[in-house]
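This is what each chain is made of:
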Amino acid sequence: MTILDGTILVTGARGNIGSRVVHALAEAGHTVRASGRDISGLSVPAGVEAVPLDLTDPSGAEAALDGVRAMFLYPTFGDVSGVLDVAVQAGVEYAVLLSSPGSYDPVEHAGPIGVHHRAIEAAVRESGLPHTVLYPSWLGSNVFRDWAEQIRTGRVSLAYPEWQINPIHLGDVAEVAADLLVRERFRGRSLVITGPESLTQREAVRQVSEVLGRPVELEELTREQALDARPDWFPEAVLDSLLGVAANLGNTPATVNNNVERVLGRPARTFAEWLRDNRSALA
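Residues numbered from 1 in each chain as written. Predicted model: local features only at pLDDT ≥ 70, side-chain atom pairs only at ≥ 80, totals over all residues. Heavy atoms only, no water.

- The chain is annotated in an unreviewed UniProt entry as NAD(P)H-binding protein from Glycomyces albidus.

Structure follows, in structure tokens:
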């Protein structure tokens, strides 16, 4: 059954995924409210209301949640229990929580990524708010976060190049989240979604080169060299945890499922499609 009335609140509307969820819902004709800690300069589609909301500060939550029937939860750092209590009191019926496979990965669950996401999941669960935890696989945007500057120089340096990943198009993540928010089908405790293929990091770099139409070489680093080359913005504990996952998995194929197609009725988009759709960010 499609939700025909009530407002859908999208938190983290500035983010790569939250902004896409806003657009997907608005394009489908739903009433959308977009929120962020700071909404100055936040660009939203026509007809979408933008409201300030800090998920760790319940003082502004009552106004933001007024009339909200469903909400998309961005996994922010900090205690979100106060805002969740307000959501329950305001009559919010359902939430989609964006999480990470790191929360259940045998290695990463004990690292900073897993600990953070498990804490958010626990808070939502303990609030009593009906919800689905959405676990997208390796995000296509990671190529920008991790490799963009190196790609521009024509050489990507990384450890464990045979580590296999399952890149997912952020448009698919957003469209699945939007569908879960407006329909009752496929709702459950959790939903894991992946891209359609398992690729080694080496193959992913090769696809970047093919899409850009110019050489992008790959330099293999040891784990220690990768940590030494860590950019200042990348927390050492997080990188070390990710390298631990890569070391643990070796060249084992990444898990691939058909849940994007089950929800959206079409196949998940490939990594090459993601690169073509966002080529300007790497040029």
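Resuming the write-up.
### Here's the deal with the nonpolar core
So, point 1. Among the nonpolar cores identified, the biggest contains 54 residues, and Val21, Leu25, Phe72, Leu134, Val143, Ile151 and Leu181 are the most heavily contacted of them.
So, point 2. With nine residues, the single largest contributor to this core is helix H6 (residues 170–182).
So, point 3. Apart from the residues lying within four places of it in its own chain, the contact partners of Ile151 are Val143, Val156, Val208, Leu212, Arg214, Val216 and Leu282.
So, point 4. Grouped together as the second largest cluster of nonpolar side chains are 24 residues, Ala64, Val92, Ala95 and Val124 included. (Core = buried A, V, L, I, M, F, W, Y, C linked by side-chain atoms within 4.5 Å. Buried < 20%, exposed > 50% of the residue type's maximum accessible area, 1.4 Å probe, protein only. Helix = DSSP H or I, 4+ residues; strand = E, 2+ residues; numbered from the N terminus. Contact = heavy atoms within 4.5 Å.)

### What to know about the pairing of strand E9 (residues 190–193)
So, point 1. Only one face of E9 is buried, namely the one carrying Leu191 and Ile193, since none of Ser190 and Val192 on the opposite face is buried.
So, point 2. Pairing between strand E6 (residues 131–136) and E9: four bridges, direction parallel. The partner of Val133 across the bridge, within E9, is Ser190. (Pairing = 2+ DSSP bridges.)

### Notes on the packing of aromatic side chains
So, point 1. Counting across every chain of the model gives five aromatic pairs.
So, point 2. When the centroid spacing of 5.7 Å and the interplanar angle of 40° are considered together, the rings of Phe144 and Trp274 count as tilted. In this pair, Phe144 sits in helix H5 (residues 142–153) while Trp274 sits in helix H11 (residues 271–277), placing the two residues 130 residues apart along the sequence.
So, point 3. Considering the side-chain rings of Trp233 and Phe234, the 4.9 Å spacing of their centres and the 25° angle between planes classify their relative orientation as stacked.
So, point 4. For Trp233, a relative accessible area of 48% translates into the label partly exposed.
So, point 5. Directly above the aromatic system of Tyr94 lies the positively charged group of Arg187, at a separation of 3.6 Å from the ring centroid. (Phe/Tyr/Trp six-rings, centres within 6.5 Å; stacked < 30°, edge-to-face > 60°. Lys NZ or Arg CZ within 6 Å of the ring centre and 35° of its normal.)

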